[in-house]
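# Secondary and tertiary structure notes
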Amino acid sequence: MTDSNTCENFTRSGLKLETVHQESPRSDVFRKRATKPLLNQRQHQKRLTWAKDKKDWTAAQWSKVLFSDESKFCILFGNQGPRVWRKSGEAQNPCCLKSSVKFPQSVMIWAAMSSAGVGPLCFLKSTVNAAIYQEILEHFMFPSADKLYGEADFIFQQDLAPAHTAK
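Residues numbered from 1 in each chain as written. Predicted model: local features only at pLDDT ≥ 70, side-chain atom pairs only at ≥ 80, totals over all residues. Heavy atoms only, no water.

## Focus: the overall build of the chain
The secondary structure content of the chain amounts to 6 helices and 5 strands. Listing the helices and strands of the chain from first to last along the sequence gives α-α-α-α-β-β-β-β-α-β-α. A sequence separation of at least 24 residues applies to 63% of the contacts in the chain between residues at least 6 apart. A total of about 13200 Å² of accessible surface is found on the chain, and carbon and sulfur atoms cover 56% of it. (Helix = DSSP H or I, 4+ residues; strand = E, 2+ residues; numbered from the N terminus. Contact = heavy atoms within 4.5 Å. Areas by Shrake-Rupley, 256 points an atom, 1.4 Å probe, with all protein chains shown as cover.)

What follows is the structure, encoded as structure tokens:
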């Protein structure tokens, strides 16, 4: 089942959630957080314009693009926190509890990638502001571009995070 009412359909069909979890590796059903970035109208319009401008690009044009992004990774429990399997009524049973940390360790990583390959990972020790981003570009992006493209032209594609566009 791939429609938007998958959970509702399982409930109506009488399947137990445990059965769904047991069978999900063998089917196209899986459990995932449903998240969507919240965009204001201006951001939405910028993304739409960008996509329309690039919709007819060839593979050769895309091969000249060096993409970059940074992401935070939670080290202790992944990005979703601890999970346990338990039966109804066992919420406070000690064998069904996992200890937690209020502020788990995490790491922020910046990277660049293209069809020509990937650059080195940059492990960040603080939040990214304009000054730190300029250092990342100098010490990681430019060397990556040199390694991947040499003297050839390339397009550097970054998201519009405030630190990336600060003056």
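## Concerning the pairing of strand 1 (residues 65-74)
As paired strands, strand 1 and strand 5 (residues 155-157) are joined by 3 bridges and run parallel to one another. Within strand 5, the residue paired with Leu-66 across the bridge is Phe-156. (Pairing = 2+ DSSP bridges.)

## Things to note about the side chain of Ser-68
Relative to the elements of secondary structure, Ser-68 occurs in strand 1. Those residues within four positions of Ser-68 in sequence are excluded, and the remaining contacts are Trp-110, Ala-111, Ala-112, Tyr-133, Phe-156, Gln-157 and Gln-158.

## So, the pattern of salt bridges
Should the charged atoms of two oppositely charged side chains come close, the side chains can pair. Applying the stated criterion across every chain yields a total of 1 salt bridge. Ionic pairing is found between Lys-55 and Asp-56, a salt bridge with its closest N-O pair at 3.4 Å. On the basis of relative accessibility, which here comes to 59%, the residue Lys-55 falls in the exposed class. (Salt bridge = Lys/Arg side-chain N within 4 Å of Asp/Glu carboxyl O. Buried < 20%, exposed > 50% of the residue type's maximum accessible area, 1.4 Å probe, protein only.)

## Comments concerning the packing of aromatic side chains
For the structure shown, the criterion picks out 4 aromatic pairs. Between Trp-57 and Trp-62 the ring centres are 4.7 Å apart and the planes differ by 55°, which places this aromatic pair in the tilted class. In this structure Trp-62 comes out as partly exposed when scored by relative accessible area, which is 28%. Every member of this aromatic cluster is reached through a ring pair, and the members are Trp-50, Trp-57, Trp-62 and Phe-67. (Phe/Tyr/Trp six-rings, centres within 6.5 Å; stacked < 30°, edge-to-face > 60°.)

## Overview of the side chain of Glu-70
Here Glu-70 lies in strand 1. Despite its burial, Glu-70 pairs with no opposite charge, the nearest such side chain being Arg-47 at 11 Å. With sequence-adjacent residues up to four places away left out, Glu-70 is seen in contact with Met-108, Ile-109, Trp-110, Tyr-133, Asp-159, Ala-161 and His-164. (Lys, Arg positive; Asp, Glu negative; His and termini not counted.)

## As for the nonpolar core
Generally speaking, a soluble globular protein has its nonpolar side chains buried in company with each other. Core analysis: the largest hydrophobic core is formed by 14 residues, its most contacted members being Leu-66, Trp-110, Leu-124, Tyr-133, Ile-136 and Met-141. Put simply, the parts of the chain that give this core at least two residues each are strand 2 (106-114), strand 4 (122-124) and helix 5 (130-149). Considering every element that reaches this core, the biggest residue donor is helix 5, with 7 residues. (Core = buried A, V, L, I, M, F, W, Y, C linked by side-chain atoms within 4.5 Å.)

## Quick notes on helix 3 (residues 41-54)
With 14 residues, helix 3 should cover 20 Å at 1.5 Å per step; its first-to-last C-alpha distance of 20 Å lies within 8% of that length. Where helix 3 begins, one side-chain oxygen reaches toward the backbone nitrogen of Arg-42, 3.1 Å away; that side chain belongs to Asn-40. (Expected span 1.5 Å × (residues − 1). Polar contact = N/O pair within 3.5 Å; in protein donor to acceptor, adjacent residues only side chain to side chain.)

Geometry only, nothing functional implied.
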